[in-house]
Structures are given as structure tokens and as C-alpha cells.
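Chain by chain, the residues run as shown.
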Amino acid sequence: MAMTVVIVTWWLHGMLLDRLAREFLADRLQQEALYSVQHLQSSHGPESPDPRVMTGSVDIFHHFYLLDVNGQLKSSHPDRLPALTPLLKGPLEKAEERQWRDHRLLIWRTRFMLEGQPATLVIGEDFASIERGLARLHKWIAVISAAILAGLLLLNLVAVNRALLPFSRLARQLVELQQGKRSRLEIETVSELDAPIEQLNTFLDDQERRQQRSRESLANLSHAIRAPLTAVIQSLRSRRELDAERRTRLLERLHDIDEKLGAELRRSRIAGPGAGQQSMSMADVNSLLDMFTSLYPDVMFALDTRAETTATRWPMERQDGMEMLGIVLDNAGKWARQRVELTLCDQPPGLGIEDDGPGVPDELLNQLGQRGWRLDEQRHGHGLGLSILAQLMERYEGQVRYTRASLGGLRVDIEFPRV
């Protein structure tokens, strides 16, 4: 592409040089014709001065004049008078190109009155010598342009190679990542690549956290269900009759296993801020409210009507947002007597939920969300829901606050960092 541009520019330059030279020469011939006419008229006749003195004749045909005074012809080149005579015919006061033998002539023709007699003066110049000079200049420009282009191409090649060096290092580090020799990308590159490298590192960190969380979940799950599962196996292996009391204990242990398994699976599904769709529609919110209305038919789940005009866009992966909202709605539904109110916020992004249940004593509010801590041992569960909520908020750098609700029960406020 660059070579094409240079060639076209060089060609246009040649055309421009030729045009400028022609216009310059035509102007010079016009001025010379005007001066010659004035000189002839002031000398009172075609005989004086000598035409050779007026034009500066040379032996080699280059510059010439031809004067016709009422049929009397004079020329700076008398030996070529017959050949030059046809040049007297043509347009006046205008530069004209003529091809004569092997010469490219540029002539200027003017008509005037000399001593009461009509006269025509033709002044011309061979354009070939000027063309040769222009050709030499054009060739030098071509050589210089080629040298500059070669230098620019070399500089571009060096610049491109230097610019691609970070990509080579990046390729090596990606191979090292695949081989497990490194966990992050550490590369100094152009500023335009800083953001993609940072995003890759964020993605790698997120994947590492997910892997670590999966391992921890498996370890916690193994530890949590091993004891009750062993007890169930031993009870089933025993030859003692399975009475109602033992059946109840077995069911409780199996239910414990099921709840802990479900909680760990919910933890393992936490995607984190680096993945997925970061929005929840009002249809998702209403779907959850309808589901919990069915689960707790004696409780009315109300959505603040102002939330209908709110664009619920939280900095959370959609499934994580559904999990978060499901936890707080389920917890409120368990403790509410008749009513649960949900309010969605945009600025700052978050939500608030409160119920009309018994609430939590102020001195125990700071213990909510601790894993395994339960407010009421009489109710079924292990206190895992709010601990999962705390883990979610820690993952998204959000905040959870527990306070007394205006309805009398517990109020949970969740706030995300501004985006």
C-alpha cells in the first residue's frame, strides 16, 4: 500500500513539474514578446535593431523568433526560415505547443502594427532541453523517495518487531500458565494492553478462588456429613428393631446431611463478580416473591411500589443475585408473622428487607451470619443461609447490616460498591 502511494505521488509530481515548467516558460515568452514589440516600435522600423541582437541567436536550435511585417520575413535562424514559416498561423496571445521534427516547441504568437503595417511576431523555445532537466530532477526525487521509503519501512519493521515483543512474552507466559509454572501474568507492555492483561489476571484470580472454594466446599462437606452418615449406616446395620424413636433420629440425621449438602452446593455455585450477566429483571424479582408466597402462604410478601420504576442493575452475576435475594426472603419468611417488605435501590445499588417477626436482640445482631450459629435451636436448620449471604457479600465487596425493623422484626440492608 505504501509503495502504491509513493508511485502515484511520484507520477503526480512529474505531471505537476511539467505543467509548472510549461506555465513558467509560457509566461516568459509572453513577457519577451511584449518587450520585443515595444523595442521594435520604438526603433521605428523592422530593419533596426538587428534581430540577432534582439534575441541573442545561437548556433544550436533552442530559442528562436520569427517576424512577419506585411509579408517580409525575418528570423533568428534564417537557414530554417522555410520550416518555421508555418508557425505564423494560429491563435494569438496564447501559448501553443507544436511538434516540429524532433523538437517539442512552445511558442507565443502576437500581432501588432509597425509603422502602419500589420506585423506578426512568433517567439518560441525548444521544450526538450527543459524536459531533460525535469527528467533528471524527477529521477533524483524518485531515488530520494525510494531511500526515504526504504528507511521508513525499516523503521516500521523495527517498531513492529519491538511492539510484538510483549506478545511473544505473553505467549510464553500463557504456556507457563498452562504448565502450572505461574498463576498470573506479569508483563510490561504498551498502555493499550494494560486493561486486557489486568482483565486476564482478574479472570485467573477468580478461577483460582473458585478452585480453592470448591476444594474447601468438598472438605467442609466431607467433614460435615461424615459423622451423621456414619451414624445412619451403623443404625441400619444394627439388628435392633427400627422403632419410631430411632426412625425419627435417622430422619433428622438424613435431613441434616441433605441441608449441609445443599448449603455447600449453593456455596460452590457462587460465580463472583468476574462472570456472567450483571443484572436482574423485575420478572426475576417477582418470580422469587411468587415462589416464597407459595412456600409461606400465611405471609404476605410486598414489594415497594417505587421499585417498579427502578432499573434493578446490581454488580452481581445473575444467579448470585437470585441466591442472595432468595436467602433474605427465605429467612424473613421463616420468622415473619404476617408481612415481609422488600425495597430495591439504585443509588447506592442494593436492597432492604424487613419482617414483622420477633426480631433479634440488639446484643446478638453482630453474630448473625456467623457460620453454624442459630438464633433459635427449636427451629430446623443450621444457620447456613446467612453465612452464605455473608460469603457472597465478601466476594462482591458489599456490606450487610442487621438492624431492628420498623415492622418490629429484623431488617437486612445489603449495599454494593458504586460502579
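Keep in mind it's a predicted model, so treat the numbers as computed, not measured. (Residues numbered from 1 in each chain as written. Predicted model: local features only at pLDDT ≥ 70, side-chain atom pairs only at ≥ 80, totals over all residues. Heavy atoms only, no water.)

Visitor: Explanation requested: the overall build of the protein chain in the structure shown.
Guide: What the protein chain contains, in helices and strands, is 9 helices and 10 strands. Buried positions account for 38% of the 419 residues belonging to the protein chain. Summarising the internal contacts of the protein chain: among those between residues at least 6 apart in sequence, 59% fall at separations of at least 24. Of the accessible surface of the protein chain, which amounts to about 25,300 Å², a share of 55% is contributed by carbon and sulfur atoms. (Helix = DSSP H or I, 4+ residues; strand = E, 2+ residues; numbered from the N terminus. Buried < 20%, exposed > 50% of the residue type's maximum accessible area, 1.4 Å probe, protein only. Contact = heavy atoms within 4.5 Å. Areas by Shrake-Rupley, 256 points an atom, 1.4 Å probe, with all protein chains shown as cover.)

Visitor: What is the right way to read the UniProt feature "transmembrane region" (unreviewed entry) in the protein chain from this model?
Guide: Under the feature "transmembrane region" (unreviewed entry), the UniProt entry names residues 140-160. The distance from the first to the last C-alpha atom of residues 140-160 is 30 Å, and the span holds 100% helix and 0% strand. (UniProt positions renumbered as here; feature names shortened; annotations may be inferred.)

Visitor: Would you mind going over a nonpolar patch on the surface with me for this structure?
Guide: On the surface, a nonpolar cluster with roughly 660 Å² of combined accessible area is contributed by W140, V143, I144, I148, L152 and L155. Positionally, V143 belongs in helix α4 (residues 128-179). (Patch = residues over 30% accessible without salt bridge, like charges linked within 9 Å, V, L, I, M, F, W, Y side chains within 5 Å. Salt bridge = Lys/Arg side-chain N within 4 Å of Asp/Glu carboxyl O.)

Visitor: Could you clarify how one ought to interpret the sheet that holds strand β5 (residues 117-126) in this entry?
Guide: The strands making up a sheet associate through hydrogen bonds between their backbones, and the pairing can be parallel or antiparallel. Overall, antiparallel pairing links the 5 strands, which are arranged β2-β1-β5-β4-β3 in an open sheet. Two strands close off the open sheet at either side, each with one partner strand: β2 (72-75) and β3 (95-100). Mean inter-strand twist for the sheet, computed between neighbouring axes without regard to direction, equals 25°. Here β3 pairs with strand β4 (residues 103-114) via 6 bridges, running antiparallel. For R98, the partnering residue across the bridge sits in β4 and is L105. (Pairing = 2+ DSSP bridges. Axes fitted to C-alpha atoms, helices over the stretch in contact; angles between N-to-C directions.)

Visitor: Whenever I open this one, the pattern of salt bridges confuses me. Can you help?
Guide: Opposite charge on two side chains allows them to pair when their charged atoms are near. This model, assessed by the stated rule, comprises 10 salt bridges. Residues E96 and R98 are paired through a salt bridge, measuring 3.0 Å at the closest nitrogen-oxygen approach. With relative accessibility at 18%, the residue E96 sits in the buried group. Owing to a relative accessible area of 23%, R98 belongs among the partly exposed residues under this scheme. Put simply, K334 and D330 hold a salt bridge, and the shortest N to O gap is 3.9 Å. Here K334 and its partner D330 are both found in helix α8 (residues 318-335), 4 residues apart, which amounts to about one turn of the helix. Taking the relative accessible area as the measure of exposure, K334 reaches 39% and is therefore partly exposed. Overall, D330 belongs to the partly exposed group, its relative accessible area being 23%. One salt-bridge network, held together by shared partners, links E96, R98 and R109.

Visitor: Any chance you could explain the nonpolar core here in plain terms?
Guide: For soluble globular proteins, nonpolar side chains are generally found buried alongside one another. If you look at the biggest cluster of nonpolar residues, it comprises 37 residues, and the most contacted ones within it are M324, L342, L389 and I414. By residue number, the principal contributor to this core is α8, which donates 7 residues. With near-sequence residues (within four places) excluded, L389 lies in contact with M324, I327, V328, V400, Y402 and I414. L29, A33, V69 and L121 belong to the second-largest nonpolar core, a separate cluster that totals 21 residues. (Core = buried A, V, L, I, M, F, W, Y, C linked by side-chain atoms within 4.5 Å.)

Visitor: Please clarify how the packing of helix α7 (residues 282-295) against α8 should be interpreted in this entry.
Guide: For the pair α7 and α8, the least separation of the axes is 11 Å and the interaxial angle reads 35°. Every pair of crossing elements has a handedness; the one defined by α7 and α8 is right-handed. Touching D284, V285, L288, L289 and F292 of α7 are R318, M322, L325, G326, L329 and D330, all from α8. Class assignment of the residues belonging to the contact of α7 with α8 gives a composition of 7 nonpolar, 1 polar and 3 charged. (Left-handed = near helix turned anticlockwise from the far one by under 90°. Nonpolar A, V, L, I, M, F, W, Y, C, P; charged D, E, K, R; others polar.)

Visitor: Please clarify how the sheet that holds strand β9 (residues 399-404) should be interpreted in this entry.
Guide: Read across the open sheet, the 5 strands follow the order β6-β7-β8-β10-β9; overall the sheet is mixed. At either end of the open sheet lies a strand with only one pairing partner, and these are β6 (300-303) and β9. Here the strands of the sheet are splayed against their neighbours by 15° on average, with no regard to which way each runs. Here β9 pairs with strand β10 (residues 410-415) via 6 bridges, running antiparallel. Bridging across to β10, Y402 finds its partner in V412. Its contacts with the sheet put α7 on β6 and β7 (339-345), and the angle it makes with β6 is roughly 165°.

Visitor: Teacher, can you tell me more about α8 here?
Guide: An α-helical turn contains 3.6 residues, so a residue and the one three or four places further along point in the same direction. Helix length check: α8, at 18 residues, gives a terminal C-alpha distance of 26 Å against a target of 26 Å (1.5 Å per residue), a fit within 8%. Within α8, 14 of the 18 residues are buried, which leaves it mostly tucked inside the rest of the structure. (Expected span 1.5 Å × (residues − 1).)

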